[in-house]
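Structural description and commentary
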Amino acid sequence: MPDITPGPDELALDALFHALSDPRRRDMVARLSRDPMSVKELAEPLGMRLPSAVKHLAVLESGGLVVSEKEGRVRTYRMKTEAFDRVRRWIEQREIELSAAFDRLEQAISDFPEDQDK
C-alpha cells in the first residue's frame, strides 16, 4: 500500500485551503487584497467581536495568506504577496495532468479500429 503521509508541501496546501474554507475568512482575504487593515476594520463589517476576528486571522496567518504587524496597540494585517503561489502551482499541475489524460484518451480513440460494418 502506498504511503499517503502528507509532506510539508501538502500540509501547507491543506492549511491554505482550510483557511479559505470559511466565508468570513474569504471576505477578510478579499478586503486585505485591496489594503492592509486592523483587526477592528476587518471585524466590524462582519459583525464579529474582536476575539473571534483574531481567531479567524490566526487561521489565515497559519495558512500562509496574511502577516500581521503590531504598532502600539493596533495590530494590522496584510496579504502576503506570494499567498496564492502554492494554489496556482497546484492548479497548474492538475491542468497538466488533465491535459495529458485527454491526450491519452485521444490517442486511444485514434488507435481503435473503426467499425467495419457500416
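Going by the structure above, here's the rest.
One structure accompanies this document, and this report is about it. If you're wondering where the values come from, they're calculated on a predicted model, not measured in any experiment. (Residues numbered from 1 in each chain as written. Predicted model: local features only at pLDDT ≥ 70, side-chain atom pairs only at ≥ 80, totals over all residues. Heavy atoms only, no water.)

Focus on a nonpolar patch on the surface
A contiguous nonpolar patch, built from Leu98, Phe102, Leu105 and Ile109 and spanning about 420 Å² of accessible area, is present on the exposed surface. What makes leucine 105 partly exposed here is its relative accessible area of 44%. (Patch = residues over 30% accessible without salt bridge, like charges linked within 9 Å, V, L, I, M, F, W, Y side chains within 5 Å. Areas by Shrake-Rupley, 256 points an atom, 1.4 Å probe, with all protein chains shown as cover. Salt bridge = Lys/Arg side-chain N within 4 Å of Asp/Glu carboxyl O. Buried < 20%, exposed > 50% of the residue type's maximum accessible area, 1.4 Å probe, protein only.)

Things to note about the pairing of strand β3 (residues 74–79)
Bridge analysis of strand β1 (residues 37–38) against β3 gives two bridges, and the strand direction is antiparallel. Looking at the pairing, methionine 37 lines up with tyrosine 77 of β3. Alignment of strand β2 (residues 66–71) against β3, held across six bridges, turns out to be antiparallel. Counterpart to glutamate 71 in the pairing with β3 is valine 74. Remark: two residues form the turn of the hairpin made by β2 and β3, two consecutive strands paired antiparallel; glycine 72 in that turn has positive phi of roughly 65 degrees. (Pairing = 2+ DSSP bridges. Helix = DSSP H or I, 4+ residues; strand = E, 2+ residues; numbered from the N terminus.)

Let's talk about the pattern of salt bridges
Scanning all chains against the criterion turns up seven salt bridges. The partner of arginine 24 in a salt bridge is aspartate 22, with the nearest N and O atoms 2.6 Å apart. The partner of arginine 94 in a salt bridge is glutamate 97, with the nearest N and O atoms 3.1 Å apart. Within this pair, arginine 94 and its partner glutamate 97 are both found in helix α5 (residues 85–111), separated by three residues, close to a single helical turn. Take arginine 94: its relative accessible area is 30%, and that puts it in the partly exposed class.

Focus on the packing of helix α2 (residues 23–32) against helix α4 (residues 50–62)
Packing of α2 against α4 brings their axes to within 10 Å, and their N-to-C directions diverge by 75 degrees. One element, α2, and the other, α4, form an angle in the roughly perpendicular class. Of the residues in α4, those touching α2 at Arg24, Arg25, Met28, Val29 and Leu32 are Ala53, His56, Leu57, Val59 and Leu60. When the residues that make up the contact of α2 with α4 are grouped by side-chain class, the tally is seven nonpolar, one polar and two charged. (Axes fitted to C-alpha atoms, helices over the stretch in contact; angles between N-to-C directions. Parallel < 35°, antiparallel > 145°, perpendicular 65-115°, else oblique. Contact = heavy atoms within 4.5 Å. Nonpolar A, V, L, I, M, F, W, Y, C, P; charged D, E, K, R; others polar.)

Quick notes on the nonpolar core
Leu32, Leu57, Leu60 and Leu65 are the most contacted members of the largest nonpolar core, which totals 21 residues. Those elements giving two or more residues to this core turn out to be α1 (8–19), α2, α3 (39–43), α4 and β3. (Core = buried A, V, L, I, M, F, W, Y, C linked by side-chain atoms within 4.5 Å.)

Structural notes on the packing of aromatic side chains
Here a ring pair, both rings aromatic, is described through the centre-centre distance and the interplanar angle of the planes. For the structure on display, the rule yields one aromatic pair. Ring centres of phenylalanine 17 and tryptophan 90 lie 5.5 Å apart, and the angle between their planes is 75 degrees; on these two criteria the pair is classed as edge-to-face. Of this pair, phenylalanine 17 sits in helix α1 while tryptophan 90 sits in helix α5, and the two are 73 residues apart along the sequence. You can call phenylalanine 17 partly exposed: its relative accessible area is 34%. (Phe/Tyr/Trp six-rings, centres within 6.5 Å; stacked < 30°, edge-to-face > 60°.)

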